[in-house]
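Structural characterization, general
Spelled out from the first residue to the last, the chains are:
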Amino acid sequence: MKLHSVKKIEGMTLMELLVTLAIMVILAFIGVPSYQQFVENERFAVATNELYKAYRFARNEAIKTSTPMTLEANPGGWANGWSVKDSSANVLFVSKKPRAGITVSGASITVFGRGALSGGNAAFSISSSSKARYLCVLSSGQSILQDGNCP
């Protein structure tokens with residue numbers, strides 16, 4: 001009959017623990033700024049897409065119903081979000097308030113039944129601390145999101 005030896009299980013030494021903690025701290029210092037930039041980019045993209053979606057909704061509803069639709073800032077300005085209203089001032093679409101650090105600016109626009117704007121071209125600016133995009137709307141009603149200023 002063979003006897004099995006029992007090995008003694010040992011824990012980590014203090015040096016191994018300190019090296020592990022040092023590696024974790026270094027990785028945290030590298031990862032946190034990247035994560036913060038990722039979050040800022042996502043918030044910026046959400047605000048940009050919400051504004052573009054609101055304009056496209058206003059234009060589609062104007063064409064579908066052959067009645068004017070207005071895209072305007074919520075009470076208190078664009079910082080509180082925006083909405084789409086029909087000619088009877090019924091609210092058809094309300095956006096979320098942009099997150100802190102996101103600035104939206106522009107003038108209210110009215111889209112008529114054929115999809116064209118009431119006045120000339122229109123431009124909206126969406127910006128954060130590190131980037132800016134513009135929603136450019138031609139008088140014909142066609143729109144584009146771009147990084148540079150609108151023509």
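Notes on the structure in this doc start here. (Residues numbered from 1 in each chain as written. Predicted model: local features only at pLDDT ≥ 70, side-chain atom pairs only at ≥ 80, totals over all residues. Heavy atoms only, no water.)

Observations regarding the side chain of Arg-59
For clarity, the cut-off: Here a strand is any run of E in DSSP of at least two residues, a helix any run of H or I of at least four, and the numbering for each starts at the N terminus. Burial classes: relative accessible area under 20% of the type maximum marks a residue as buried, over 50% as exposed, and values in between as partly exposed (1.4 Å probe, protein chains only). Working convention for charge: Lys and Arg count positive, Asp and Glu count negative, and His plus the chain ends are omitted. Any Lys or Arg side-chain nitrogen found within 4 Å of a carboxyl oxygen on Asp or Glu counts as a salt bridge.
In this structure, Arg-59 sits in helix H1 (residues 14-65). It turns out Arg-59 is buried and unbridged, and the closest side chain with the opposite charge, Glu-61, is 13 Å from it.

Quick word on the nonpolar core
Let me state the cut-off plainly: Residues belong to a common nonpolar core when they are buried Ala, Val, Leu, Ile, Met, Phe, Trp, Tyr or Cys residues joined through side-chain atoms within 4.5 Å. Residues count as neighbours in contact if any of their non-hydrogen atoms are within 4.5 Å of one another.
Counting residues in each nonpolar core, the largest one holds 24 residues, and the members touching the most others are Leu-51, Tyr-55 and Leu-71. Here this core takes seven residues from H1, the largest share from any one element. Excluding anything up to four places from it in sequence, Leu-71 contacts Leu-51, Ala-54, Tyr-55, Trp-78, Trp-82, Ser-83, Val-84, Ser-108, Ile-109 and Phe-124.

Side note on the pairing of strand E6 (residues 122-127)
Taken residue by residue, a regular strand's side chains alternate between the two faces of the sheet. Put simply, the rule is: Whether two strands pair comes down to DSSP finding at least two bridges between them.
Summarising the sheet, strand E4 (residues 103-105) and E6 pair through three bridges and their orientation is antiparallel. Pairing of Ser-105 across the sheet is with Ser-125, part of E6. Pairing of E6 with strand E7 (residues 132-137), which is carried by six bridges, proceeds in the antiparallel orientation. Note that in E7 the partner of Ser-127 across the bridge is Ala-132. A loop of four residues connects E6 with E7, the two strands running antiparallel in sequence.

Re the packing of aromatic side chains
For clarity, the cut-off: Whether two aromatic rings pair depends on their centres lying within 6.5 Å, for rings of Phe, Tyr and Trp, where Trp uses its six-membered ring; planes under 30 degrees apart make the pair stacked, over 60 edge-to-face, and the rest tilted.
Counted by the stated rule, this structure contains four aromatic pairs. Between the aromatic rings of Trp-78 and Phe-124, the centroid separation amounts to 5.4 Å while the plane-to-plane angle is 75°, which identifies the pairing as edge-to-face. Placement of Trp-78 in the loop between strand E1 (69-73) and strand E2 (82-86) and of Phe-124 in strand E6 is noted, with a sequence separation of 46 residues between them. On the basis of relative accessibility, which here comes to 10%, the residue Trp-78 falls in the buried class. Residue classification places Phe-124 among the buried residues on the basis of a relative accessible area of 0%. In this structure an aromatic cluster arises from ring pairing among Trp-78, Trp-82 and Phe-124.

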